[in-house]
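So the chains spell out like this:
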Amino acid sequence: SNPKTVSMVKDLVKEGAVEALRKCFSSRMEFGTAGLRAAMGPGISCMNDLTIIQTTQGFCHYLEESLGNLKERGVVIGYDARAHPPSGGSSKRFASLAAAVFISRGVPVHLFSDITPTPFVPFTVSHLGLCAGIMVTASHNPKQDNGYKVYWENGAQIVSPHDKGIAKAIEENLEPWPESWNTEEALKSPLLKDPYQDINTQYFKAIQKHCHHRCSINNYLCKVKIVHTSVHGVGHAFVQSAFKAFDLHPPFAVEEQKDPDPEFPTVKYPNPEEGEGVLTLSFALAEREGATVVLANDPDADRLAIAEKQESGQWRVFSGNELGALLGWWMFRCWKQQNSDAAAVKSLYMLSSTVSSKILRAIALKEGFHFEETLTGFKWMGNRARDLLNQDKTVLFAFEEAIGYMCSPSVLDKDGVSAAAIAGEMVSYLAMKKTSLSQQLTAIYTEYGYHISKNSYFICHDQDVIRSLFERLRNYSGKKDSYPTECGRFSISAVRDLTTGYDSNQPDNKAVLPTSKSSQMITFSFANGGVATMRTSGTEPKIKYYTELCAAPGNSDVTQLKKELDDLVDAIVKDFFEPEKNKLQPKPE
């Protein structure tokens, strides 16, 4: 029913573009725990009107089967500003189609009337007690992509077996239901509500609980200048509102990037994780205004990058692990000031993913709170946080190295908006104490032990090469399940393989964390305090590696520690990745 995708297909047929047609039509997008992510365009392998309808019909059917009160409670749907004019696809259009599907089944839909950050969807699920949430976004992916992210009734992203159940229901409901295309009627339905104003108010009220120094830093604020960029995404207005909720001086906005633009014209990749290239305009504005700190959200505002101007005049872009240390330290410090009861720390938790820095573990050991690791991805941290909250525990903070932070239990997912305001308050407080983020980070490492990390990836489009690379590590001496015992000059003390479920640290050699045969992931622990994880990406053709050297407090020879980690990484790349033999492309500089 979409004339634009029809004419795209007709043009391909006319041109005899068999490969392009095969790519569009040979295999359906896989629905996983992250929902869907693919290019917008025609065919079952792309995001378009039809595949959105099919996906939503399957999800709706699965919810009808799983939850008895779907028609009483309803769902929420949000969207970002992505659009693909050639195929007529856009996040707003896809959200309207998803709403039409649910409304055709008598399900109340809370459809945002305008773009929102991703965290607003899980917030709304929890705040209104809904059955589910859908966010139409491809986060920081290239401009032609879009995605469909799903939250369960507990306010966290779905985990298995829901993904399998939804995927099966999609296959069983491929033919559009009679009313599924009828967005005009759906948008007039009494079942449709717009939560925009209410959630805008309630969200900022909820995050104000994490504002602790309103009075003491107010007088100082005019001296601290912060720049913010939303990288052509949705974040600008919401971060301005978050700063206002914290009574903070509004950050200077990067004019060329503050308004949503699906073309992302000023950046090669709209991903602040890529560091300096995305932040060039922010640094220029900071220099003009005399600002010393830059905050950057990704386009759907669920991640946050931070950079600080050093005394040398250079800018330092903090890694996700360094920001995890700073925000974790700050959240605990603020909590401690408000909780004089010594026993309360026993029910306090922080979480991070297994490929993230172990710095929170070191802080937890010294301060007496609980630290837990989960599998990679906020779906695991969000679900674990919900379990702990249900047991009346306090979940203060969770993070992952890919610049994702959960600073408030009112959003059980990463949230770059609340993290920006909390970081703004931390920066202002430190400035009042005449110290910088870099100096505070050094103080954290001095007190709890240096944690130095180095993460990167190789690009590989050949699944067979990826499989054989990992299988070689599992059968290293030629025998099955014989993992390497050393790498270069570095001795390996333990191995955990979350693809097969093997863990040499456990008495029965069985891993405690959930395992998944569909993705590759092996972690090596080294005798020198190093940890290295190699894993495949769920959304990109990458083999990633995450390495960290955890030193004991007191060992602060940073140059020596960095050299040791560099040598370890070189050995892992040479012996385990074998980039020449496997024709792996290094991360583009």
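Because the structure is a prediction, the values reported are computed rather than measured. (Residues numbered from 1 in each chain as written. Predicted model: local features only at pLDDT ≥ 70, side-chain atom pairs only at ≥ 80, totals over all residues. Heavy atoms only, no water.)

A few words on the overall build of the protein. Scanning the protein from terminus to terminus reveals 20 helices and 25 strands. Scaling as 2.2 N^0.38, a compact globule of 589 residues should have a C-alpha radius of gyration of about 25 Å, and the protein matches this with 24 Å. Overall, the C-alpha framework of the protein stretches about 70 × 65 × 50 Å when taken along its three principal axes. Here the protein holds 589 residues, and the buried ones make up 58% of them. Once local pairs closer than 6 in sequence are excluded, the contacts in the protein between residues at least 24 apart make up 70%. Charge separation in the protein, taken as the distance between the mean sites of 63 positive and 69 negative side-chain charges, equals 2 Å. (Helix = DSSP H or I, 4+ residues; strand = E, 2+ residues; numbered from the N terminus. Rg over C-alpha atoms; globule rule 2.2 N^0.38 Å. Buried < 20%, exposed > 50% of the residue type's maximum accessible area, 1.4 Å probe, protein only. Contact = heavy atoms within 4.5 Å. Lys, Arg positive; Asp, Glu negative; His and termini not counted. Charge placed at Lys NZ, Arg CZ, Asp CG, Glu CD.)

The next point concerns the environment of Lys-336. As for its placement among the helices and strands, Lys-336 is situated in helix α13 (residues 320-338). Owing to a relative accessible area of 46%, Lys-336 belongs among the partly exposed residues under this scheme. The spacing of Lys-336 and Ile-166 is 170 residues in sequence and 43 Å in space, taken between C-alpha atoms. For Lys-336, the side chain forms a polar contact with the side chain of Glu-367, separated by 3.5 Å. (Polar contact = N/O pair within 3.5 Å; in protein donor to acceptor, adjacent residues only side chain to side chain.)

One open sheet accounts for 6 strands, arranged β1-β7-β6-β2-β5-β8; its pairing is mixed. The sheet is open, and its two borders are formed by β1 (36-39) and β8 (192-193), each paired with just one other strand. With 3 bridges joining them, strand β2 (residues 75-79) and strand β5 (residues 109-111) adopt parallel strand pairing. Residue pairing across strands places Val-75 opposite Val-109, the latter belonging to β5. (Pairing = 2+ DSSP bridges.)

Inspection of every chain in the model, using the stated rule, returns 23 aromatic pairs. For the pair Phe-397 and Phe-399, a centre-to-centre distance of 6.0 Å together with 15° between the ring planes defines the contact as stacked. The class of Phe-397 is buried, set by a relative accessible area of 0%. Looking at Arg-105, its charged tip hangs above the ring of Trp-177, at a distance of 4.4 Å from the centre. When the ring centre of Tyr-457 is taken as origin, the NZ or CZ atom of Lys-542, which lies over that ring, is 4.0 Å away. (Phe/Tyr/Trp six-rings, centres within 6.5 Å; stacked < 30°, edge-to-face > 60°. Lys NZ or Arg CZ within 6 Å of the ring centre and 35° of its normal.)

So, on to the domain arrangement of the protein. As assigned here, the protein comprises domain 1 (3-200), domain 2 (210-443) and domain 3 (450-586). Between the C-alpha centres of domain 1 and domain 2 there is a distance of 30 Å. Counting residues at the interface gives 29 residues for domain 1, matched by 27 residues for domain 2. Of the roughly 2400 Å² buried between domain 1 and domain 2, counting both surfaces, carbon and sulfur atoms make up 61%. Ranking the residues of domain 1 by area buried against domain 2 places Pro-119, His-140 and Lys-143 at the top, with a combined share of 24%. There are 3 salt bridges connecting domain 1 and domain 2. (Domains from an automatic or database assignment. Buried area = accessible area lost by both parts, 1.4 Å probe. Salt bridge = Lys/Arg side-chain N within 4 Å of Asp/Glu carboxyl O.)

Moving on to the UniProt feature "domain: Alpha-D-phosphohexomutase alpha/beta/alpha" (unreviewed entry) in the protein. Taken from the UniProt record, the annotation "domain: Alpha-D-phosphohexomutase alpha/beta/alpha" (unreviewed entry) applies to residues 29-174, 223-309 and 320-448. Taken end to end, residues 223-309 comprises 29% helix and 20% strand; its first and last C-alpha atoms sit 15 Å apart. (UniProt positions renumbered as here; feature names shortened; annotations may be inferred.)

Right, let's get into the nonpolar core. Of all hydrophobic cores here, the largest spans 164 residues; its most connected members are Phe-59, Phe-102 and Tyr-405. Tallying contributions element by element places helix α16 (residues 416-432) first for this core, with 11 residues. (Core = buried A, V, L, I, M, F, W, Y, C linked by side-chain atoms within 4.5 Å.)

Let us look at the pattern of salt bridges. Here the structure, examined in full by the defined rule, presents 32 salt bridges. Arg-73 is paired through a salt bridge with Glu-153; the nearest N and O atoms lie 2.9 Å apart. Here Arg-73 is found in helix α4 (residues 70-73), whereas its partner Glu-153 is found in the loop between β7 (145-151) and α7 (162-172), with 80 residues between them in sequence. Under the relative-accessibility criterion, Arg-73 is labelled partly exposed at 22%. Close ionic contact of Arg-474 with Glu-471 constitutes a salt bridge, the shortest N to O distance being 3.0 Å.

This part covers the side chain of Arg-496. Examined against the element boundaries, Arg-496 turns out to sit in strand β20 (residues 490-497). One buried charged residue, Arg-496, forms no salt bridge at all, with the nearest opposite charge on Glu-373 at 4.1 Å. A polar contact of 2.4 Å, which involves the side chain of Arg-496, links it to the side chain of Thr-354. The contacts of Arg-496, once residues within four sequence positions are left out, are Thr-354, Glu-373, Tyr-502, Asp-503, Ala-511, Leu-513, Met-521, Ile-522 and Thr-523.

Turning next to the side chain of Thr-56. Counting through the fold element by element, Thr-56 comes out in helix α3 (residues 49-66). Engagement of the side chain of Thr-56 in a polar contact is seen with the backbone oxygen of Ile-52, the distance being 2.7 Å. Ignoring any residue separated from it by four or fewer positions in sequence, one finds Thr-56 in contact with Ala-98, Val-101, Phe-102 and Tyr-148.

This part takes up the sheet that holds strand β16 (residues 394-400). Pairing is mixed in the open sheet, where 4 strands are placed in the order β15-β14-β16-β17. In the strand order of this sheet, the two ends are held by β15 (370-374) and β17 (404-406), each with one partner. Averaged over all pairs of adjacent strands, the angle between strand axes in this sheet comes to 15°, irrespective of strand direction. Note that β16 and β17 share 3 bridges and pair antiparallel. Along β17, the bridge assignment pairs Glu-400 with Gly-404. Together, β14 (348-353), β16 and β17 form the strand contacts of α13, whose direction differs from that of β16 by roughly 165°. Helix-sheet contacts for helix α14 (residues 359-367) involve β14, β15 and β16, and the interaxial angle to β15 is about 160°. (Axes fitted to C-alpha atoms, helices over the stretch in contact; angles between N-to-C directions.)

With an omega of 5°, the peptide bond between Ser-160 and Pro-161 qualifies as cis. As for its placement among the helices and strands, Pro-161 is situated in the loop between β7 and α7. One non-glycine residue, Asp-392, lies in positive phi territory at about 65°. Along the chain, Asp-392 turns up in the loop between α15 (378-390) and β16. The phi torsion at Lys-434 lies on the positive side, around 60°, for a residue other than glycine.

Attention now moves to the packing of helix α18 (residues 463-474) against helix α19 (residues 558-577). Between α18 and α19, whose axes approach to 10 Å, the crossing angle comes to 100°. In terms of axis orientation, α18 runs roughly perpendicular to α19. Packed against α18, whose contacting residues are Leu-469, Arg-472 and Leu-473, the element α19 presents Asp-575, Phe-576 and Phe-577 at the interface. Of the residues assigned to the contact of α18 with α19, the class counts are 4 nonpolar, no polar and 2 charged. (Parallel < 35°, antiparallel > 145°, perpendicular 65-115°, else oblique. Nonpolar A, V, L, I, M, F, W, Y, C, P; charged D, E, K, R; others polar.)

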